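# Close look at the chain arrangement
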Amino acid sequence: MKRIMIYIKICCVFIFIHSSYGMCTIIGAGTHFQGYRGESSIYLEKIKDMGFTSFREDYSWSNVERTKGIFSVSDNIKKTDAAFLNAQSNGLSPILILDYGNKLYNNGDYPRNQESIDDFVRYASWVASRFKGKVKYYEIWNEWTIGTGMTRYRDNIPSAEVYFNLVKATSKAIKSIDPNTIILAGGFNPLEQRAKYLNITDVVWFEQLLKLEILDYADGISIHTYSYLNGRRDLRTTKGNLDFVDEFYADSQKIAGKDFPVYITEIGVTNYTGPGGMSQQESADYIKNYIEDAKSRSYIKGVWIYDLIDDGKDKSKRDYNFGLLNNDLSPKLVAPVISELLNKDNHK
């Protein structure tokens, strides 16, 4: 009898995690509109035509508050601003990332104390007011633990408690402006086994956030699941990657004491010629399989492929070659594969 009960329990967990095919309803792409040639409308059309229903993009503090206390759309963000304003009319529901420091405050450092958090919240409130009714998803910061966009401060990254305080204050402010928004927090990689700039791994950092009850202020958790250079080669496969995410989620559920939605806001592979690089055919197979496998997990609510377009033409540079399209906008092998998959799903 005991063996039967254990078997039933295992089956129930498996069914919960893998049931409800299609619950992962949002498939999007990472974008960098400001760096693209031509108007953002060109790229919104490409995103829509490929079958994506979302994009994810920064709307950074330093680009909207260039004079203290004055918020405006600077030239540095005009294309991005237009993309967010016009996304909904193109059938897209984007994620807007609120992030990074501002040299006008605390020398551009992280928001570390209540005063600098209040400064950040004023910026976030202006953004939420500007896009009320047009942007539903807001992500608070991007890759806090590895100092993305904050290179000068990588030797002194603030704790989980500081990040929690930022999320709490920002979430409350945005919700007071637009209660219909969905707030995402996290932006970390649970598959990364090393402690990089903090003295703890991303998983331990997230466990600290759960114990601080971050889910009281976040409607979903954002994770990045890159594994193309992971020391565990089994994690470089789509199955190994998502099986690990299942384990991470189950462990996190126990700490949180409840279910919560997960959004894979960055996953991608690079076609560069160095270690971990894939051929175009390999990356097409990987991304197709990843989307299909993620859709079988009811707790995963969306996947965003990084990224839409190669950042450069040099095939020896890893970060230049994550695109679904080449730098000249010609499609890689993955583009028609993804388009067929997504457009078929969208017309079911």
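### Things to note about the overall build of the protein chain
- Check the secondary structure of the protein chain and you find 9 helices and 8 strands.
- By the compact-globule yardstick of 20 Å for 348 residues, the protein chain fits well, its C-alpha radius of gyration being 20 Å.
- Along the three orthogonal principal directions, the C-alpha set of the protein chain runs to about 65 × 45 × 40 Å.
- Each of the 348 residues in the protein chain was classed as buried or not, and the buried ones make up 53%.
- Counting contacts in the protein chain only where the partners sit at least 6 residues apart, residues at least 24 apart contribute 75% of the total.
- Looking at the protein chain as shown, the accessible area adds up to about 15600 Å², and 51% of this sits on carbon and sulfur atoms.

### Description of the pairing of strand β8 (residues 300-305)
- With 5 of 6 residues buried, β8 lies mostly within the body of the structure.
- Relative to β8, strand β1 (residues 26-30) runs parallel, the two being bridged by 4 bridges. Note on β8: the bridge partner recorded for I26 is G302.
- Pairing geometry for strand β7 (residues 262-267) and β8, over 4 bridges, is parallel. Bridge pairing in β8 links I264 to V303.
- One crossover worth recording links β7 to the parallel β8 by way of helix α8 (residues 280-294), and it is right-handed.

### Quick word on the packing of helix α6 (residues 202-211) against helix α7 (residues 238-256)
- At a closest axis distance of 9 Å, the pairing of α6 and α7 adopts a crossing angle of 30 degrees. The angle between α6 and α7 places the two elements in the roughly parallel class. Crossing of α6 against α7: the hand is right-handed. Facing α6, whose interface residues are V203, F206, E207, L210 and K211, α7 presents F248, S252, I255 and A256.
- Looking at side-chain class alone, the contact of α6 with α7 contains 6 nonpolar, 1 polar and 2 charged residues.

Conventions adopted
- Residues numbered from 1 in each chain as written.
- Predicted model: local features only at pLDDT ≥ 70, side-chain atom pairs only at ≥ 80, totals over all residues.
- Heavy atoms only, no water.
- Helix = DSSP H or I, 4+ residues; strand = E, 2+ residues; numbered from the N terminus.
- Rg over C-alpha atoms; globule rule 2.2 N^0.38 Å.
- Buried < 20%, exposed > 50% of the residue type's maximum accessible area, 1.4 Å probe, protein only.
- Contact = heavy atoms within 4.5 Å.
- Areas by Shrake-Rupley, 256 points an atom, 1.4 Å probe, with all protein chains shown as cover.
- Pairing = 2+ DSSP bridges.
- Right-handed = clockwise from strand over helix to strand, strands pointing away.
- Axes fitted to C-alpha atoms, helices over the stretch in contact; angles between N-to-C directions.
- Parallel < 35°, antiparallel > 145°, perpendicular 65-115°, else oblique.
- Left-handed = near helix turned anticlockwise from the far one by under 90°.
- Nonpolar A, V, L, I, M, F, W, Y, C, P; charged D, E, K, R; others polar.

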